Amino acid sequence: MARKFLVFQHTPWEGPGRLLVDAARQQGAKLRLVRLWQDEIPTLAPYDGLIVLGGSPNVDQEAQYPFLRREKEVIRQSIAHDRPYLGFCLGHQLLAHVMGARVGPNFKPSVGFIKGYQTHRGKEHPVFAGLPRTLHLFKWHGQAVQEPLPKQMEMLLTSADCQVEAVAVRNRPHILGVQADIHAADPRTVSSWLSKDAKWLASLAPHAVDPQVVSSEASFLAARLAEQFQRFFAAYLRVLG
């Protein structure tokens, strides 16, 4: 039976990346998109899990993005009922936030392709255990989850750009957040993001981002990143049983 996921989108141009769409199709998973700035959030009951994407808001910007208030309530309900949760970027931050972690400015903006490293807990986590110990990550954020983490959470990935690159709830491997936008790391999606978010990128000075370098790295790493995400998403579905 096909798995059905509710997918929360926060920003008009930042929907499910092509790698996520392709992996869901190949794994027989169905994605129902909820555009939070305009759609009502349906009941979670008919769905096998929740996928929460990234986007422009920060977790504390409820005045500017009123939908965040309702979204946080739904995420809390999802966790309370032990439902599968997979968050990317802002989705990762929202998971940590509702669990009691602090989210704030990272020590530097992290944009482009970097290497992430599995922690001891990451090497044991069923989603990451079958992946390389060093992973290529596609980054697009200025905020980050801060340490120390709440005692019920564990850190799975780290990097030189950001201390907390992935988290999970202890003994609940199906509740998982990844700071990197690994679902969107294919060249076409990267090219679109570079264009659509050009104003934000320009605001990052003196941490300049060279779009040509990011685009070239996306092309160079394309096959490796697609295979890595396929393995990641297949492992996540296996965790769900």
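The present account deals with the structure reproduced in this document. Quick caveat: nothing in here was measured; it's all calculated off a predicted structure.

Considerations on the overall build of the chain
Helix and strand content of the chain: 7 helices and 9 strands. Taking 2.2 N^0.38 as the reference for a compact globule, 241 residues should give roughly 18 Å; the C-alpha atoms of the chain span a radius of gyration of 16 Å, in line with that estimate. Principal-axis analysis of the C-alpha atoms places the extent of the chain at approximately 45 × 40 × 35 Å. Sorting the 241 residues of the chain into buried and exposed places 56% on the buried side. A separation threshold of at least 6 residues defines the contact pool for the chain, and within that pool the share at least 24 residues apart is 75%. Of the roughly 10800 Å² that the chain leaves accessible, carbon and sulfur atoms contribute 50%.

Remarks on the nonpolar core
In terms of nonpolar packing, the biggest core is built from 47 residues, with Phe128, Phe232 and Phe233 touching the most fellow members. Sorting elements by how many residues they give to this core places helix α7 (residues 211–240) first, with 11 residues. Every residue in contact with Phe232, bar those within four places of it in the chain, is listed here: Leu86, Phe88, Val127, Phe128, Leu131, Leu176, Val178 and Ile182. Leu44, Tyr85, Met99 and Met155 belong to the second-largest nonpolar core, a separate cluster that totals 33 residues.

Comments concerning the packing of helix α2 (residues 67–80) against helix α3 (residues 90–98)
Pairs of packed helices are described in terms of their axes, by the angle between the two and the distance that separates them. Look at α2 against α3: their axes get within 10 Å of each other, and the N-to-C directions meet at 70 degrees. Relative to α3, α2 is oriented roughly perpendicular. Both α2 and α3 take part in a crossing whose hand is right-handed. Where α2 abuts α3, its residues Leu68, Glu71, Lys72, Ile75, Arg76 and Ile79 lie against Leu94, Leu95, His97 and Val98. Residue composition of the contact of α2 with α3, grouped by class: 6 nonpolar, 1 polar and 3 charged.

A look at the pairing of strand β1 (residues 4–9)
Most of β1 is tucked away, with 5 of its 6 residues classed as buried. Where β1 and strand β2 (residues 30–35) come together, 6 bridges link them in parallel fashion. Opposite Val7, over in β2, you have Leu33 as the bridge partner. Since β1 and β2 lie parallel, the crossover through helix α1 (residues 18–27) that links them has a hand, and here it is right-handed. Pairing between β1 and strand β3 (residues 49–52): 4 bridges, direction parallel. By the bridge assignment, Phe5 is partnered in β3 with Gly49.

Quick notes on the pairing of strand β4 (residues 85–88)
Every second residue of β4 is oriented toward a common face, with Tyr85 and Gly87 on one face and Leu86 and Phe88 on the other, all of them buried. Here β3 pairs with β4 via 3 bridges, running parallel. Bridge pairing in β4 links Leu50 to Tyr85. In this fold, β3 hands off to α2, which returns the chain to β4; that crossover is right-handed. Where β4 lies against strand β9 (residues 172–178), 4 bridges are found, and the strand directions are parallel.

Observations concerning the packing of aromatic side chains
For any pair of aromatic rings, the description rests on two quantities: the centre-to-centre distance and the angle between the ring planes. A complete count under the given rule lists 13 aromatic pairs for this structure. Their ring planes at 45 degrees and their centres at 6.3 Å tell us that Phe88 and Phe229 sit as a pair that is tilted. Highlighted residues: Phe88 in strand β4 and Phe229 in helix α7, separated in sequence by 141 residues. Each of the two residues, Phe88 as well as Phe229, counts as buried. Ring centres of Phe229 and Phe232 lie 5.7 Å apart, and the angle between their planes is 35 degrees; on these two criteria the pair is classed as tilted. With a gap of 3 residues between them, Phe229 and Phe232 both fall in helix α7, about one helical turn apart. For the residue pair Phe229 and Phe232, the accessibility class agrees, reading buried in each case. Members of the aromatic cluster, each reached through a chain of ring pairs, are Phe5, Phe88, Phe128, Phe229, Phe232 and Phe233. It is Lys4 that lies over the ring of Tyr47; its NZ or CZ is 6.0 Å from the centre.

About the criteria used
- Every chain's residues receive numbers from 1 upward, in the order its sequence appears when written.
- Reporting in this predicted model follows two pLDDT cut-offs: at least 70 for local features of residues, and 80 or more for side-chain atom pairs to be given and counted; totals over whole chains, interfaces and linings ignore these cut-offs and use all residues.
- With hydrogens and water stripped out, all remaining heavy atoms of the structure feed into the side-chain values.
- Each helix is a run of H or I in the DSSP string that is no shorter than four residues. Each strand is a run of E no shorter than two, and both are numbered from the N terminus.
- Using C-alpha atoms as the atom set, the radius of gyration is obtained and then compared with a globule rule of 2.2 Å times the number of residues to the power 0.38.
- Each residue's exposure class comes from its accessible area (1.4 Å probe, protein chains only) as a fraction of the maximum for that residue type: buried when under 20%, exposed when over 50%, partly exposed otherwise.
- Residues count as neighbours in contact if any of their non-hydrogen atoms are within 4.5 Å of one another.
- For accessible areas, the Shrake-Rupley method is used with a probe of radius 1.4 Å. Any residue's cover is judged against the shown protein chains and nothing else.
- Take the buried Ala, Val, Leu, Ile, Met, Phe, Trp, Tyr and Cys residues and link them wherever side-chain atoms come within 4.5 Å; each set so joined is a nonpolar core.
- Lines fitted to C-alpha atoms define the axes here, with helix axes fitted over just the stretch in contact, and angles between the N-to-C directions of these axes take values from 0 to 180 degrees.
- When an angle is under 35 degrees it counts as roughly parallel; over 145 it counts as roughly antiparallel; between 65 and 115 it counts as roughly perpendicular; any other value is oblique.
- Rotating anticlockwise by less than a right angle from the far helix to the near helix defines a left-handed crossing, while the corresponding clockwise rotation defines a right-handed one.
- In this count, Pro and Cys sit with the nonpolar residues alongside Ala, Val, Leu, Ile, Met, Phe, Trp and Tyr, while Asp, Glu, Lys and Arg are called charged and the others, Gly among them, polar.
- The criterion for strand pairing is that DSSP finds at least two bridges linking the strands in question.
- Orienting the strands away from the viewer, one traces the path from the first strand over the helix to the second; a clockwise path indicates a right-handed crossover.
- Each aromatic pair joins two rings of Phe, Tyr and Trp (for Trp, the six-membered one) with centres within 6.5 Å, and gets the label stacked for planes under 30 degrees apart, edge-to-face for over 60, and tilted for any other angle.
- Two conditions define a charge sitting above a ring: the NZ of Lys or the CZ of Arg must be within 6 Å of the ring centre, and it must be within 35 degrees of the ring normal.

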